[in-house]
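# Structural features, examined
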Amino acid sequence: LEAKLAAWRPDADVDSMVTVQAFAEEGTAPRIPAPLVRVPIGTEVKLSVRNSIADSTLIVHGLRAGIMPNDTVHVKPGTVREVTYTATKPGTYLYWGTTRGSQIGERWSRDSQLTGAIVIDSAGARRRAYDRIFVLTLIDIYSDPSRPPTKEDIWELAINGRSWPHTERIEVPVGDTARWRWLNGTMISHPMHL
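Residues numbered from 1 in each chain as written. Predicted model: local features only at pLDDT ≥ 70, side-chain atom pairs only at ≥ 80, totals over all residues. Heavy atoms only, no water.

### A look at the side chain of Asp131
- Counting through the fold element by element, Asp131 comes out in the loop between β9 (115-121) and β10 (132-140).
- Look past the residues within four positions of Asp131 in its chain and what remains in contact with it is Arg126 and Arg179. (Helix = DSSP H or I, 4+ residues; strand = E, 2+ residues; numbered from the N terminus. Contact = heavy atoms within 4.5 Å.)

Below, the structure written as structure tokens:
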């Protein structure tokens, strides 16, 4: 993974963009949400994290999915850190970063898009055509430092990097099965109704 600045357009049909911090696979453009890490149980996972954000130390939470609660990796500007572990606990996990030293409940500025999913599949798990992973993110686009962040009303909520009505459309045949995994990478405990 590489953390870097990105020009994000959650509303696909407008010219305006927001400069955010986001993760990319090394050598590719940043993505929101961050690249998916998906492995079967028992896999040795080796992740490297490069911090290409010149003015901030990056703190990444949750890379050792299911192994170490409250796990953090600190990556100084211009450096790389590596994490290695064996994926032993099936599940869907959130990984996220901050360059302000914030807790997840305090991330509303440009580091709020440093958010992704790790999925550890059970032995023999079968992926269906209609399985989806949705990562919710939120940013305060026009932050007013004189007001507490909970009083802001210019938030952009995104599902897999897009804001409504630019989100993915899903059609599933009647009688088929769809499995959806939702991860809340926002600063609030209840960002939307399903």
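Continuing now.
### Remarks on the sheet that holds strand β12 (residues 180-184)
- Taking strand neighbours across the sheet as the criterion, the three strands line up as β11-β10-β12 in an open arrangement whose pairing is mixed. Each having just a single partner strand, β11 (155-159) and β12 make up the two edges of the open sheet. The average angle at which neighbouring strand axes cross in this sheet is 15°, direction not considered.
- The pairing of β10 with β11 spans five bridges and is antiparallel. Across the sheet, the residue bridging to Asp140 is Trp155, located in β11. (Pairing = 2+ DSSP bridges. Axes fitted to C-alpha atoms, helices over the stretch in contact; angles between N-to-C directions.)

### Observations concerning the sheet that holds strand β1 (residues 2-8)
- Strand order across the open sheet formed by four strands is β2-β1-β4-β7, with mixed pairing between neighbours. The open sheet has two edge strands, β2 (18-24) and β7 (80-86), and neither has a second partner. Strand-to-strand twist of the sheet, defined as the mean angle between neighbouring strand axes without regard to direction, takes the value 40°.
- Inspection of the sheet shows strand β4 (residues 44-51) paired to β7 by seven bridges, in the antiparallel sense. If you follow Arg50 over to β7, its bridge partner there is Val80.

### Brief notes about the layout of surface pockets
- Size it by volume and the largest pocket reaches roughly 250 Å³.
- What lines the largest pocket is a set of 15 residues, and nearest its centre among them are Arg31, Pro33, Leu36, Ile133 and Asn160.
- Here the lining of the largest pocket gets three residues from one element, more than from any other, and that element is β10.
- Each residue belonging to the lining of the largest pocket can be placed in one class, and the counts come to eight nonpolar, one polar and six charged. (1 Å grid on protein atoms, 1.4 Å probe; cavity = no way out; pocket = protein on both sides within 12 Å on 5 of 7 lines; lining within 4 Å. Points joined across faces, edges and corners; volume = space filled by probe spheres on them. Nonpolar A, V, L, I, M, F, W, Y, C, P; charged D, E, K, R; others polar.)

### Here we look at the environment of Ser189
- Looking at the secondary structure, you find Ser189 in the segment after β12.
- Classification of Ser189 by relative accessible area gives exposed; the value is 75%.
- Separated by 158 residues in the primary sequence, Ser189 and Arg31 have C-alpha atoms spaced 23 Å apart. (Buried < 20%, exposed > 50% of the residue type's maximum accessible area, 1.4 Å probe, protein only.)

### Considerations on the pairing of β10
- Counting buried residues in β10 gives eight out of nine residues, a clear majority hidden from the surface.
- Bridge count between β10 and β12: five bridges; the pairing is parallel. Bridge pairing in β12 places Leu136 opposite Asn184.

### Quick word on the environment of Arg64
- Along the polypeptide, Arg64 turns up in the loop between β5 (58-61) and β6 (72-75).
- The sequence separation of Arg64 and Trp180 amounts to 116 residues, and the corresponding C-alpha distance is 22 Å.
- In this view, Arg64 contacts Asp71, Thr72, Val73, Val83 and Tyr85; residues no more than four positions away in its chain are not counted.

### Concerning the side chain of Gln21
- Topologically, Gln21 is positioned in strand β2.
- For Gln21, a relative accessible area of 1% corresponds to the buried category.
- Reaching out from Gln21, the side chain makes a polar contact with the side chain of Thr99 at a distance of 2.7 Å.
- Not counting chain neighbours up to four residues away, the residues in contact with Gln21 comprise Lys4, Leu5, Ile53, Thr99, Arg110, Asp111, Gln113 and Leu114. (Polar contact = N/O pair within 3.5 Å; in protein donor to acceptor, adjacent residues only side chain to side chain.)

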